[in-house]
Amino acid sequence: MSYAICLDQNTPNFNINNLSPYGFAIYSNFDNYQTPLAQGINYTQLFPFPIGNCPFILTNLPAGATQIIVIDQCDPNLNVAAAIFSPTNITAGEFTIECCYAIIDIPQGPPPVFCETCPLIFDEFPTSTIGLLVAGNLTSTCGPVTDYVIGWYLNGDYSSPQFTSGYGSLFLPYQQLHPLTGNHSVPVLAGNWEGIIHDIAINGVTYSSVSGSAGGQLIPFESCFDTIVVDPLQCDNGPFQGIAKYTHQINFNSQAIGTTSSPVSLTYALNTTTKYFAYFFDAGIIASDEIEIKWNSGNPNATSNPSLYSQPIYLEKLKRGGDIPNPTSFQNPSPPNDPYLPFFSPPTINNTWPKLSPSQVNSFPYGGFQRVLTLNTLETSSNPLTPDFLEITITPNPLNNNTQWSASFQCLDEFDCTDCRFDNWPDSLPKINDISLLKQYPCPSQQLKINYSGCIDNSDFMSPYPSGPNQNPNTSLNGNLIGSVSSLINIEIPSPPMLLGGSGGCNENSFEDPQSNCLSSTGTITLNKIPNQIQLIFNLYSDYLYYKNNLLLKIFQTTQNITLPTICSAGSTNLDYYKYLSLKVPIQLNSAANCGDNTIVNVSYFHINDSLNIVYTNDNNPSALSWSITIPQTPMVNCYPNNLSCNNCYSTINNFINTYNNNLFLPPFTFTTTVGAKKEYPFESRFISTVITTPPLSGSKCFNGNVAFNNIYYYSTHTFPFISSPSSPTGWTNLTSLNGVIPCNLTPYTPYAYHTNSGIFFSAAAYGINTRFPHLTGSFNYSISTNVFEIYSVTNLTATGSYNVTPNVAPPPCPDPLSSLIYSYIGGVATVYSASYFVGGSPILTINP
């Protein structure tokens, strides 16, 4: 039978430096210690961390043996059993030679046959799966199973489990919560998996193996369950074969107890014909998770560089989630003279990994990042018996004990990048389709709208957006997976419309702190929300002070330069009254969740005048058992005059107030978080402000009307293999000789800017125009002078519509009509000066009114 051995390294006489180089031997009293059961055992197999990685599994312990001796073979010339041991000496603890040893009594009775005595059964436990380990709830014939931890071991390596799973709170921690079924089935590498009990409580009795920590009745370190054979994902074994774009689709929702969720890995075996690999990945809305994809050669020795191909070659390392900043800041790598002109610059990629991609709010699981990896530059195995394979690892946020993500995969023998954002660049640029001069009656304002013929995105498996569209990319077999943009690209000149009569209006605004992360404490926080009242109750004084101080700071910021209470009187245009605060409290969908995934935010509003009536209970009593903050909520009314010409304030305030009042009268709600979840900045203010009034315009006025194709993914269309490089300052080295690109027409390509936070995409400027209104008047005229306008191009298209690198001359403040005027409308007559800029050679013109 088998027996697990793990020796105590903390005994007084143990010294690792006194061990011989000959290893340890094991003898049993079954034959009076005459024949070694094992020899030459390295000490690292017998001792725990940090010395070794026990247990050592003795597989041939004779039935009936009641004692074994583990001893250093300190003299290789002696028969250790004959020279050292005798039953008398062992009983007396006397030896004829000094060697490091341990005497272990073998427990008798039920433990050696534990699995047979108390059969354990999972209510769901397939022994053959594809990519997933499935194990339901555990039961036993010996009574109720209330708590357990199971270590999962791969391919006979018992040095340490790949991960632990468990149930109950008696044996913490563990990394996956049972049942491991449905969306909770664990993605794993291909191979033979064994589940071995570490600790288990059956009918109130605790049992432990050598890997357990509970010190229960000893049971063998061996599996009580069948081996699970997990096959790799393959190009032709996906469950969605023939019905969806991605043949393998995994939605994973996991919770760790007492620790953080563990990384999970998948094996994807490739066909010899696979040239591209498409994936979709979206992490939870709040906490980011990371995906990495590594290429593993099936036969490194058959490549031209066995040293390189013997190690994993990374193809992807991307972090995605709601805590990643939105791509709003750009940096020009080499700015042109005119930032709206196309320009040519060799695209580069840095070696800072992972790349970053934010999740759209409420996009999960349908708004993920889509990408196609090119495998053409890698040396592939031509032997189907030793296929190349990808190892896909998804690592949850280390600060989050919950992880929730969705991933899909598809191998491709060929790929067609049919996306007009990329094809035929920079020739055949979009052209002007129609022009509308829109006047806003009776307000003295106007705007020129120019619509360009655009393109319908039709690029399977590829997303040109940093967050992806709100569409499910898994379900459609032949449809457009990345969503369609309008066939018309619309620009508004100027935006917002120019106010020729000097009028103004109102806007809704908010004063928000930076990205408000979720924090934890060891206390509890209770939210009681009833109509017209918010109450927070704390069992830690530190949490109470945290909320109180944040609240007082926000009240101070919101009430500067105004007098409380603010007054609302009929016909008043004072906007101080229309201010309120919002309180954000994390609501955990699972009571054991921390501040990461499986968490939403409850928002409550209260008027700025309510800050005068807040009640702080036990405010200055740190020794109290609980503390509370009670905030009244009073409705708002609209006192702004409703008869001001060309002023949107009344309707804007009305919408603002309706949003506020509707929140006050939501149904009663109570929630208690058991881990003290709180927002980093729990309060923010919202208010109404006036639009800056512009003076009447007169004379000639020019406006830029430039269009750029934002968020075109240079990174999405290219593959940048890299390897781990500890000597590099970043820890990574790009393998530029293996760079690849999917077959889109990207030469020449015009990278315009890159997002400094993510490093994953470029924007491409397509063209630019200037518009001039040459005869504006101070008194707004709907029919004559303000109708006149001219359009100039700062790009230089040839007669065939292709792009000339040399731009048109466009000296500020207005373009040069002789070199770049393409259209004018003067005296009721439209004139086209360059037909190549327009669909059909001439646009449709609308004057309204």
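Before reading on, note that the structure itself is shown above.
Calculation criteria
- Residues numbered from 1 in each chain as written.
- Predicted model: local features only at pLDDT ≥ 70, side-chain atom pairs only at ≥ 80, totals over all residues.
- Heavy atoms only, no water.
- Disulfide = S-S within 2.5 Å.
- Helix = DSSP H or I, 4+ residues; strand = E, 2+ residues; numbered from the N terminus.
- Buried < 20%, exposed > 50% of the residue type's maximum accessible area, 1.4 Å probe, protein only.
- Phe/Tyr/Trp six-rings, centres within 6.5 Å; stacked < 30°, edge-to-face > 60°.
- Lys NZ or Arg CZ within 6 Å of the ring centre and 35° of its normal.
- Expected span 1.5 Å × (residues − 1).
- Pairing = 2+ DSSP bridges.
- Axes fitted to C-alpha atoms, helices over the stretch in contact; angles between N-to-C directions.

Caption draft 1: Quick look at the state of the cysteines. Under the defined criterion, the tally for this structure stands at 5 disulfides. The disulfide partner of Cys-506 is Cys-649, and the gap between their sulfur atoms is 1.9 Å. Residues Cys-506 and Cys-649 share a disulfide whose torsion about the S-S bond is about 85°; that sign makes it right-handed. In this pair, Cys-506 sits in strand E33 (residues 506–511) while Cys-649 sits in helix H6 (residues 649–664), placing the two residues 143 residues apart along the sequence. Take Cys-506 and Cys-649: they sit in the same class, and that class is buried. Left unpaired, Cys-100 is separated from the closest cysteine sulfur, that of Cys-99, by 8.8 Å. The partly exposed category is assigned to Cys-100, whose relative accessible area is 28%.

Caption draft 2: Local environment of the packing of aromatic side chains. Counting across every chain of the model gives 38 aromatic pairs. Each member of the aromatic cluster is reached from another via a ring pair, and the members are Phe-538, Tyr-541, Tyr-544, Tyr-546, Tyr-547, Phe-606, Trp-627 and Phe-683. We note Lys-579 situated over the ring of Phe-687; from NZ or CZ to the ring centre the distance is 5.9 Å. Over the face of the ring belonging to Tyr-546 we find Lys-678, whose NZ or CZ atom lies 4.4 Å from the ring centre.

Caption draft 3: View of helix H5 (residues 541–558). Its 18 residues give H5 an end-to-end C-alpha distance of 26 Å, which sits within 8% of 26 Å, the value for a rise of 1.5 Å per residue. Every buried residue of H5 is accounted for by Tyr-541, Asp-543, Tyr-544, Tyr-547, Lys-548, Asn-550, Leu-551, Lys-554, Ile-555 and Thr-558.

Caption draft 4: Expanded view of the pairing of strand E40 (residues 627–632). Burial within E40 is extensive, with 5 of its 6 residues counted as buried. Direction of pairing for strand E36 (residues 533–538) relative to E40: antiparallel, over a ladder of 6 bridges. Across the sheet, Gln-533 pairs through a bridge with Pro-632, a residue of E40. Direction of pairing for strand E39 (residues 615–617) relative to E40: antiparallel, over a ladder of 3 bridges.

Caption draft 5: Summary view of the sheet that holds strand E27 (residues 369–374). Spatial strand order, E20-E29-E22-E27: 4 strands in an open sheet with antiparallel pairing. Strands at the two margins of the open sheet, each flanked by one partner only, are strand E20 (248–255) and E27. Here the strands of the sheet are splayed against their neighbours by 20° on average, with no regard to which way each runs. As judged from the 8 bridges shared by E20 and strand E29 (residues 402–412), these two strands associate in the antiparallel manner. Pairing of His-248 across the sheet is with Phe-409, part of E29.

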